[in-house]
Amino acid sequence: MLLWKKIFVASAFALLLLFRLASATPPSELADNQAVMSLEDSLEIMLTSGRSQDSELVNLYGELSRKLEGSESERSAEYARKGIALAEQLGDVESLAYLYFRLAGAYYYRSMYDSALVYQNEAISLIPEENRSKRQDTILTETLIDVGNIHNIRGSSPDALEYYFKALQIAEETKIEKPIIDIYANIGQIYFSMNNFEQCEEYFVRMRDLCYKLNDSLSLAYALDGLCEVHAHRAEWDKALECADLTNRIVSVHPESKPSERLTGLLSLAMVWFDGFNEYEKALNYAKEALEYAEQCRQPLYVAHAQYQISSIYMGMKNYPAAEKAARQAFEADSSSAYVNTALHENITKANIALGNRTAAMEYFERYKKWMTEYSNQNFQIALTEMEVKYETSKKDMEIISKNATIAQRESERFVLAVVLVFLFIVLAMLSVILWMRSRRNRILAEINATKDKFFNIISHDLRSPAIAIRSGLKSMVENMKLMSVSEIKQFMSELFNASDNQVELLESILNWARIQAGRIEYKPALIDVGAALRTELNLARTAATNKGITLTADIPDDIFITADQEMLRTIVRNLLNNAIKFTQSGGYVSISTELTANRRCIVTVTDNGTGMDEEQLKNLFRLDNRKSLHGTAGEQGTGLGLVVCKELVEKHGSKLNVTSEQGKGTRFWFDIYVQ
């Protein structure tokens, strides 16, 4: 793929995120000044009438902070602080959490993310973990989304996902549907940046379906644009065109559509027609129309992206003078975007080479290197200015929180002392970490040695001793064959067969365990039908159960598809069924069932009413270093190694093998796997 195509796909979602954040709060020219003035009049009346301790005043401060958040952030922060002070006096914890959320928002829209995070965490700490009100659920959900947005902007995708999923869980449990749309969009965007296109598509499809349900056509356009990018990456151009066309039609007729929203639909259409169908004229028309809306947005970055796409289309048409002109105009519009300017440099250089202007190409390359140096210096100055602003803001906040207590002037002696204390703290912390790591390493080594000793004990005792017994039995049988009746020979052979069968089962468990420890078993997930995958194991187990007089039942609905390794799944179920049959008396029962949950998981359960286990046995169930060999109800031998294999194979599926048991009443094993 050409560089410009890679950059367009990589930056498309960055623009999409900017559009969503820009549309979350109206810009200053669209702020409802009339509503703000009315609220301020109400505030003045309440203060002059002596109602300075009224709880209604707290709500008024919060509403003013919300109204001014995106347009006048400093005034928004001022009203939020006044509300916080009053809420603390009144002991109104719920309103206090909301006002800290509003104060964080004021810093968020000034791109002062460190301060925003401080107040967001303060808001979260004031909301109880359980028994929350509807308002508290809403505050917590929106706060978590904003924290995720900050991590997303800073490029920390795992942290952003963590907060988005926390917000999603609360929103889905409490049926707060509107924020779910934004959460789906943000999660989809992150998965796209991680090249996880399956998950990306899943969340944009969820977003699309919810938008249809809530009749939110403007958010539907964002969902379709996200799906367009996924289809474009997969070269599914017909689907990409369908999504881009529908996106553009929605934003072109929606009464609340902004120029930035018109821009994203047109850019997607231009990209699809150019990259997917090589229809240069159509692509160019859409890109030029997008440029008009980009200029209306008054956002230089939008203009640069539109001009950049126009330049790339002209390059495809081999109209090199026009390509160079558009690239230079993009550079003039916004020279702050490193990834755009890299592509512009490539376009201008190639255009000049194609036109035979090699001197101009080299000259621009030198300018590019000079620009990179200036850009780095510019970034340093911006960072320095932001640090100074953050320091002044933090100083003001500390004065308010500590009730106008003055900050003592920093003296050189105190600074040196602070540095020494910090150094000593770091040294002590490092020593503590080293000691902890050494202790942990010794503990792990001890566990490994104990496991090794147990493993050799299994081989030397549980495998060797029965083999010797079988050999002795066969020798005795050969020597006394003439003295034995047919029925005695048949019984003797049956016992030897059962003993050897146990040996084969034990040997298979040992080999599987050894392969797992050596990393020789590769996890190969695929879409499989649970019933079809387990049918062979059920038939084998049913024969063993019938021979022992045990009833085996199965409750597995048809057409349940899961993502799993089929061979591993069969091994897990085979071991669990054999284990249940082994420790169940004649006349008992063993059952296996599957159950679908609301969160798209399939629970597989094996239950018996056999001998069960006490607390000590449960505690050591999955440990090789502290186990005793047990015998089944018919004298079957066992080491517990099969359950250890089951546990590790289940964990390879990202799940956990759970067990409950009561001595004399039976045992239940279960685990869950993701449903396709």
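This is a predicted model, so every value here is computed, not measured. (Residues numbered from 1 in each chain as written. Predicted model: local features only at pLDDT ≥ 70, side-chain atom pairs only at ≥ 80, totals over all residues. Heavy atoms only, no water.)

1. A closer look at the overall build of the protein
Moving on, step 1. From N to C terminus, the protein includes 24 helices and nine strands.
Moving on, step 2. By residue count, 44% of the 676 residues in the protein fall in the buried class.
Moving on, step 3. Considering only contacts within the protein whose residues lie at least 6 apart along the sequence, 67% involve residues at least 24 apart. (Helix = DSSP H or I, 4+ residues; strand = E, 2+ residues; numbered from the N terminus. Buried < 20%, exposed > 50% of the residue type's maximum accessible area, 1.4 Å probe, protein only. Contact = heavy atoms within 4.5 Å.)

2. Regarding helix H3 (residues 55-68)
Moving on, step 1. For H3, which comprises 14 residues, the first-to-last C-alpha distance of 21 Å matches the rise-based estimate of 20 Å (1.5 Å per residue) to within 8%.
Moving on, step 2. Among the residues making up H3, those that are buried are Leu 57, Val 58, Leu 60, Tyr 61, Gly 62, Leu 64, Ser 65 and Leu 68. (Expected span 1.5 Å × (residues − 1).)

3. Topic: the packing of aromatic side chains
Moving on, step 1. Throughout the structure, instances matching the rule amount to 11 aromatic pairs.
Moving on, step 2. On the numbers, 6.1 Å between centres and 15° between planes, the contact of Tyr 100 with Tyr 119 is stacked. One end of the pair, Tyr 100, is in helix H5 (residues 93-108); the other, Tyr 119, is in helix H6 (residues 113-125), with 19 residues separating them in the sequence. Residue Tyr 100 shares its accessibility class with Tyr 119, and that shared class is buried.
Moving on, step 3. Ring geometry for Tyr 184 versus Tyr 203: centroids 5.9 Å apart, planes at 55°, classification tilted. Separated by 19 residues along the polypeptide, Tyr 184 in helix H9 (residues 177-193) and Tyr 203 in helix H10 (residues 197-214) bring together distant segments of the chain.
Moving on, step 4. We classify Tyr 184 as buried; its relative accessible area is 8%.
Moving on, step 5. The rings of Phe 165, Tyr 184, Tyr 191 and Tyr 203 are connected pair by pair, giving a single aromatic cluster.
Moving on, step 6. Note that Arg 135 overlies the ring of Tyr 98, its terminal NZ or CZ placed 5.1 Å from the centroid.
Moving on, step 7. In this structure, Arg 206 is placed above the aromatic ring of Tyr 203, and the distance from its NZ or CZ to the ring centre is 4.7 Å. (Phe/Tyr/Trp six-rings, centres within 6.5 Å; stacked < 30°, edge-to-face > 60°. Lys NZ or Arg CZ within 6 Å of the ring centre and 35° of its normal.)

4. Section: the packing of H3 against H5
Moving on, step 1. Orientation of H3 relative to H5, taken along the N-to-C sense of each, is 20°, at an axis distance of 10 Å. Regarding the angle of H3 to H5, the classification is roughly parallel. The handedness of the crossing between H3 and H5 is left-handed. The residues of H5 that touch H3, namely those facing Val 58, Asn 59, Tyr 61, Gly 62, Ser 65 and Arg 66, are Ser 95, Tyr 98, Leu 99 and Arg 102.
Moving on, step 2. Residue classes in the contact of H3 with H5 are distributed as four nonpolar, four polar and two charged. (Axes fitted to C-alpha atoms, helices over the stretch in contact; angles between N-to-C directions. Parallel < 35°, antiparallel > 145°, perpendicular 65-115°, else oblique. Left-handed = near helix turned anticlockwise from the far one by under 90°. Nonpolar A, V, L, I, M, F, W, Y, C, P; charged D, E, K, R; others polar.)

5. Overview of the nonpolar core
Moving on, step 1. Formed by 105 residues in total, the largest nonpolar core has its most connected members in Ile 187, Met 207 and Val 272.
Moving on, step 2. Ranked by the residues each element gives to this core, the list is headed by H5, at 11 residues.
Moving on, step 3. Once residues within four sequence positions are removed from consideration, Val 272 is found in contact with Cys 228, Trp 237, Ala 240, Leu 241, Ala 244 and Phe 277. (Core = buried A, V, L, I, M, F, W, Y, C linked by side-chain atoms within 4.5 Å.)

6. Things to note about H9
Moving on, step 1. Over its 17 residues, H9 extends 25 Å from the first C-alpha to the last, a length consistent with the 24 Å expected when each residue adds 1.5 Å.
Moving on, step 2. Taken across its 17 residues, H9 has 13 buried, putting it largely inside the fold.

7. Notes on the packing of helix H14 (residues 280-297) against helix H15 (residues 300-316)
Moving on, step 1. In contact at an axis separation of 8 Å, H14 and H15 are set at 165° when each is read in the N-to-C sense. Viewed along their axes, H14 and H15 adopt a mutual orientation that is roughly antiparallel. For the pair H14 and H15, the crossing hand works out as left-handed. Counting all contacts with H14, which are made through Tyr 280, Ala 283, Leu 284, Ala 287, Lys 288, Ala 290, Leu 291, Ala 294, Glu 295 and Cys 297, the residues of H15 involved are Tyr 302, Val 303, Ala 306, Gln 307, Ile 310, Ile 313, Tyr 314 and Gly 316.

8. Quick word on the sheet that holds strand S2 (residues 551-555)
Across a sheet, strands are paired by hydrogen bonds formed along the backbone, either parallel or antiparallel in direction.
Moving on, step 1. In space, the five strands of this open sheet follow the order S2-S4-S5-S9-S8, with mixed pairing throughout. Either end of the sheet is taken by a strand with one partner, and the two such strands are S2 and strand S8 (658-662). Here the average twist between neighbouring strands, direction ignored, is 10°.
Moving on, step 2. Relative to strand S5 (residues 601-608), strand S4 (residues 589-596) runs antiparallel, the two being bridged by seven bridges. The residue bridging Val 590 from the neighbouring strand is Asp 608, located in S5.
Moving on, step 3. Lying on the sheet, helix H22 (residues 566-582) is in contact with S2, S4, S5 and strand S9 (666-674); it crosses S9 at an angle near 170°. (Pairing = 2+ DSSP bridges.)

9. A few points about the pattern of salt bridges
Moving on, step 1. Applying the stated rule across the entire model yields 19 salt bridges.
Moving on, step 2. The partner of Glu 177 in a salt bridge is Lys 213, and the shortest N-O contact between them spans 2.8 Å. In this pair, Glu 177 sits in helix H9 while Lys 213 sits in helix H10, placing the two residues 36 residues apart along the sequence.
Moving on, step 3. The class for Glu 177 is partly exposed, based on a relative accessible area of 26%.
Moving on, step 4. We classify Lys 213 as exposed; its relative accessible area is 61%.
Moving on, step 5. Between Arg 206 and Glu 202 there is a salt bridge, with its nearest N and O atoms 2.5 Å apart. Pair noted here: Arg 206 and Glu 202 are both in helix H10, with a separation of four residues, about one helical turn. (Salt bridge = Lys/Arg side-chain N within 4 Å of Asp/Glu carboxyl O.)

10. Focus: the state of the cysteines
Moving on, step 1. Considering all chains together, one arrives at zero disulfides under this definition.
Moving on, step 2. Cysteine Cys 243 shares no disulfide, and the gap to the nearest cysteine sulfur, in Cys 228, comes to 6.2 Å.
Moving on, step 3. On the basis of relative accessibility, which here comes to 10%, the residue Cys 243 falls in the buried class. (Disulfide = S-S within 2.5 Å.)

11. Quick look at the side chain of His 254
Moving on, step 1. Considering the arrangement of structural elements, one finds His 254 in the loop between helix H12 (237-253) and helix H13 (259-276).
Moving on, step 2. With a relative accessible area of 18%, His 254 lands in the buried category.
Moving on, step 3. Here Glu 256 takes part through its backbone nitrogen, which lies 3.0 Å from a polar atom of the side chain of His 254.
Moving on, step 4. Sequence-distant contacts of His 254, defined by excluding residues within four places in its chain, comprise Ser 217 and Leu 218. (Polar contact = N/O pair within 3.5 Å; in protein donor to acceptor, adjacent residues only side chain to side chain.)

12. Thoughts on unusual backbone geometry
Moving on, step 1. For Asn 195, which is not a glycine, the phi torsion comes out positive at approximately 65°.
Moving on, step 2. Note on placement: Asn 195 falls in the loop between H9 and H10.
Moving on, step 3. You can call Asn 195 exposed: its relative accessible area is 54%.
Moving on, step 4. Not every positive phi belongs to a glycine, and Arg 600 is a case in point at roughly 65°.
Moving on, step 5. Judged by relative accessible area, which is 36%, Arg 600 ranks as partly exposed.

13. Remarks on the environment of Gln 169
Moving on, step 1. Residue position: Gln 169 is located in helix H8 (residues 157-174).
Moving on, step 2. In this structure, the C-alpha to C-alpha distance between Gln 169 and Ile 180, residues 11 residues apart in sequence, is 9.4 Å.

14. Considering the confidence of the model for the protein
Moving on, step 1. Averaged over all residues, the pLDDT of the protein equals 77, while 74% of them reach at least 70.
Moving on, step 2. For the stretch residues 1-14, pLDDT sits under 50, and the model shows 28 contacts to residues farther than four places along the chain or on other chains.
Moving on, step 3. Taken together, the stretch residues 17-31 has pLDDT below 50 and engages in 30 contacts with residues farther than four places along the chain or on a different chain. (pLDDT = per-residue confidence, 0-100.)

15. Side note on the pairing of S5
Moving on, step 1. Extensive coverage of S5 is indicated by the burial of seven of its eight residues.
Moving on, step 2. The loop that links S4 with its antiparallel partner S5 comprises four residues; one of these, Arg 600, has a positive phi angle of about 65°.
Moving on, step 3. Note: S5 against S9, eight bridges, orientation antiparallel. In the sheet register, Thr 605 faces S9, and the bridge partner there is Trp 670.

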